[in-house]
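What follows is the residue order along each chain.
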Amino acid sequence: MKYNTIHINPISPEPTQGSVLVIYTGGTLGMVYETKGKQLVPFDFDQIIEKVPEIQRLSFAITFLSLQNPIDSSNITPEIWIELGTIIERNYTTYDSFVILHGTDTMAYTASALSYLLEGLNKPVILTGAQLPIGVPRSDARENFISALELAAAVADDGTPILSEVCIYFNSLLLRGNRSKKQESSDFNAFHSENYPFLANAGVRIDYNFPFIKPYDSSATLSVQKKLDSQVAFLKMFPGITPKTVKAILQIEGLKGVVLETYGAGNATTEPWFLEAIREAIEKNIIVFNVSQCDGGRVTQGHYQTSKYLKEVGVVSGSDITAEAAITKMMYVFAKENDPKKCAEMLGAPLRGEMSVEYS
Ligand code: ASP
């Protein structure tokens with residue numbers, strides 16, 4: 001992929017404190033109205049100081065890397081996630097932190113995927129975006145962007161970064177990336193994290209929620225996984241789902257795993273044809289990962305009779321994981337490990353704080 005690069009140094013005479021690499025992938029944040037028409041087009045990052053002059057007053061150096069052809073995040077792919085991981089790897093020793101500007105539609109998927117790919121991460125990687133383009137007067141882009149930069153650059157008294165994980169910053173809240181979900185397509189509070197507390201609240205001051213922030217690990221060394229396996233699918237339960245639909249999904253050639261989106265605390269129909277289809281899939285080494293359709297609460301297999309059988313046939317509980325974190329976790333785990341038993345073990349345990357340990 002090709003990139004454009006711009007360097008911005010602080011205008012204050014103070015010595016530079018740290019450096020942030022901003023990677024612009026596209027999305028609403030970077031849009032402006034084209035001069036003649038009424039259409040929104042990606043803005044040229046050469047104009048960044050004109051659009052957000054405040055960034056020169058921050059006390060750290062910022063480098064911008066912009067994809068030559070920014071995308072709407074609905075077009076994101078696992079290849080781009082690996083590309084983002086590779087950019088971070090190549091620049092890891094040069095920069096203290098990373099901010100990724102990304103469309104909101106798939107930001108939770110990207111944040112989840114990166115949380116797995118960036119093994120041994122001990123620097124901040126903060127994704128942000130906006131509901132209104134930067135070129136619009138009431139835009140939320142400026143606040144989201146500047147606060148994300150400040151959070152990325154924040155250090156503790158001993159000089160170590162306060163954050164050392166993949167996060168999403170949006171509308172005053174910093175969330176763990178792989179716990180986040182897009183909840184709103186029009187209000188400014190686009191993201192929430194129902195099953196995990198926010199990591200920071202950026203009001204007049206930035207208040208950190210320290211007990212929930214991943215502790216800094218000075219011994220961690222970054223290693224970026226460069227493979228993801230897309231032989232995965234979602235199977236969402238709904239009243240009236242037919243055997244034909246279920247079979248069509250479970251019989252996809254080469255399928256390695258399915259995220260089964262169940263009701264409530266992990267429940268599904270007890271119709272014999274359904275249970276039989278799940279049992280057959282598991283016998284063929286297809287992993288079935290049970291994730292609730294509810295945003296809050298968790299899967300507790302065996303709590304109701306309607307989930308007991310799922311547990312008995314070997315469905316893996318997703319506890320309180322989001323669907324976004326579950327599907328990307330499968331892609332990561334299947335690319336890393338061939339043995340289905342080990343894959344099931346990895347899926348059922350937290351790898352990057354994306355789920356709580358299941359109790360049963
Ligand atoms: N469709 C846009 C995107 O995800 C929406 C946004 O940026 O908020 O790229």
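Draft legend 1. Inspection of the site of the ligand at higher detail. Taken together, Gly27, Thr28, Asp72, Ser73, Gly103, Thr104, Asp105 and Ala130 make up all the residues around the ligand. Separating a nitrogen atom of the ligand from a side-chain N or O atom of aspartate 72 is a distance of 2.9 Å. Here an oxygen atom of the ligand sits 3.4 Å away from a polar atom, N or O, in the main chain of alanine 130. Notes on the ligand: free accessible area 270 Å², of which the protein chains cover 88%. Tallied by class, residues from the shell around the ligand come to 1 nonpolar, 5 polar and 2 charged.

Draft legend 2. Quick peek at the pattern of salt bridges. Within this structure, the stated rule accounts for 13 salt bridges. Its salt-bridge partner being glutamate 89, residue lysine 226 comes within 2.8 Å of it at the nearest N-O pair. Here lysine 226 is found in the loop between strand E15 (223-224) and strand E16 (232-236), whereas its partner glutamate 89 is found in helix H2 (residues 78-90), with 137 residues between them in sequence. Take glutamate 89: its relative accessible area is 31%, and that puts it in the partly exposed class.

Draft legend 3. Fine view of the pairing of strand E17 (residues 257-262). Of all 6 residues in E17, 6 are buried; the element is thus mostly enclosed. The two faces of E17 match: Gly257, Val259 and Glu261 on one face and Val258, Leu260 and Thr262 on the other face are all buried. By the bridge criterion, 5 bridges tie E16 to E17 in an arrangement that is parallel. Note on E17: the bridge partner recorded for valine 232 is glycine 257. Handedness of the crossover is the feature at issue here: the chain leaves E16, passes through helix H5 (residues 243-250), returns alongside E17, and the resulting connection is right-handed. As paired strands, E17 and strand E18 (residues 287-292) are joined by 6 bridges and run parallel to one another. Paired with valine 258 across the strands is valine 288, a residue of E18. The parallel pair E17 and E18, bridged by helix H6 (residues 272-283), forms a crossover whose chirality is right-handed.

Draft legend 4. Spotlight on the layout of surface pockets. In this structure, the largest pocket occupies an estimated 290 Å³ of space. Gly18, Asp96, Ala153, Ala154 and Val155 are the residues nearest the centre of the largest pocket, which is lined by 18 residues in total. Taken together, the elements giving at least two residues each to the lining of the largest pocket come down to strand E2 (19-26) and helix H4 (141-153). Residues belonging to the lining of the largest pocket are distributed by class as follows: 9 nonpolar, 7 polar and 2 charged. Volume-wise, the second largest pocket comes out at about 230 Å³.

Draft legend 5. Fine view of the packing of aromatic side chains. With the rule as written, the count across this model stands at 7 aromatic pairs. On the basis of an interplanar angle of 5° and a centroid distance of 6.2 Å, the ring pair of tyrosine 92 and phenylalanine 98 is categorised as stacked. Both residues of the pair, tyrosine 92 and phenylalanine 98, belong to the buried class.

Draft legend 6. Spotlight on helix H7 (residues 305-313). Residues Ser307, Leu310 and Val313 constitute the buried set of H7. Buried residues in H7, looked at end-on, bunch into an arc of 120°, giving them a common side. In H7, the exposed positions angled more than 90 degrees off the buried face are occupied by Gln305 and Glu312. Of the surrounding elements, those touching the buried residues of H7 are E17, H6 and E18. Glycine 314 sits one or two positions beyond H7 and adopts a positive phi of about 100°.

Draft legend 7. Structural detail: the sheet that holds strand E9 (residues 166-170). The 9 strands lie next to each other as E1-E5-E2-E6-E8-E9-E10-E13-E14, forming an open sheet whose pairing is mixed. Because the sheet does not close on itself, it has two edges, and the strands there are strand E1 (3-8) and strand E14 (206-208). Taking each pair of neighbouring strands and ignoring which way they run, the sheet shows an average axis angle of 20°. Pairing of E2 with strand E5 (residues 61-71), which is carried by 7 bridges, proceeds in the parallel orientation. Paired with isoleucine 23 across the two strands is leucine 65, which belongs to E5. Against the sheet, H2 contacts E1, E2, E5, strand E6 (97-101) and strand E8 (125-128), and its axis sits at roughly 165° relative to E2.

Draft legend 8. Looking closely at the side chain of threonine 104. If you trace the backbone, threonine 104 turns up in the loop between E6 and helix H3 (107-117). Classification of threonine 104 as buried rests on a relative accessible area of 7%. Of note is the side chain of threonine 104, whose polar atom sits 2.9 Å from the side chain of lysine 182. When neighbours within four sequence positions are excluded, threonine 104 is seen to be in contact with Ser73, Ala130, Gln131, Phe170, Lys182 and Phe191.

Reading the values: the criteria
- Residues numbered from 1 in each chain as written.
- Predicted model: local features only at pLDDT ≥ 70, side-chain atom pairs only at ≥ 80, totals over all residues.
- Heavy atoms only, no water.
- Near = heavy atom within 4 Å.
- Polar contact = N/O pair within 3.5 Å; in protein donor to acceptor, adjacent residues only side chain to side chain.
- Areas by Shrake-Rupley, 256 points an atom, 1.4 Å probe, with all protein chains shown as cover.
- Nonpolar A, V, L, I, M, F, W, Y, C, P; charged D, E, K, R; others polar.
- Salt bridge = Lys/Arg side-chain N within 4 Å of Asp/Glu carboxyl O.
- Helix = DSSP H or I, 4+ residues; strand = E, 2+ residues; numbered from the N terminus.
- Buried < 20%, exposed > 50% of the residue type's maximum accessible area, 1.4 Å probe, protein only.
- Pairing = 2+ DSSP bridges.
- Right-handed = clockwise from strand over helix to strand, strands pointing away.
- 1 Å grid on protein atoms, 1.4 Å probe; cavity = no way out; pocket = protein on both sides within 12 Å on 5 of 7 lines; lining within 4 Å.
- Points joined across faces, edges and corners; volume = space filled by probe spheres on them.
- Phe/Tyr/Trp six-rings, centres within 6.5 Å; stacked < 30°, edge-to-face > 60°.
- Arc of directions from axis to C-beta.
- Contact = heavy atoms within 4.5 Å.
- Axes fitted to C-alpha atoms, helices over the stretch in contact; angles between N-to-C directions.

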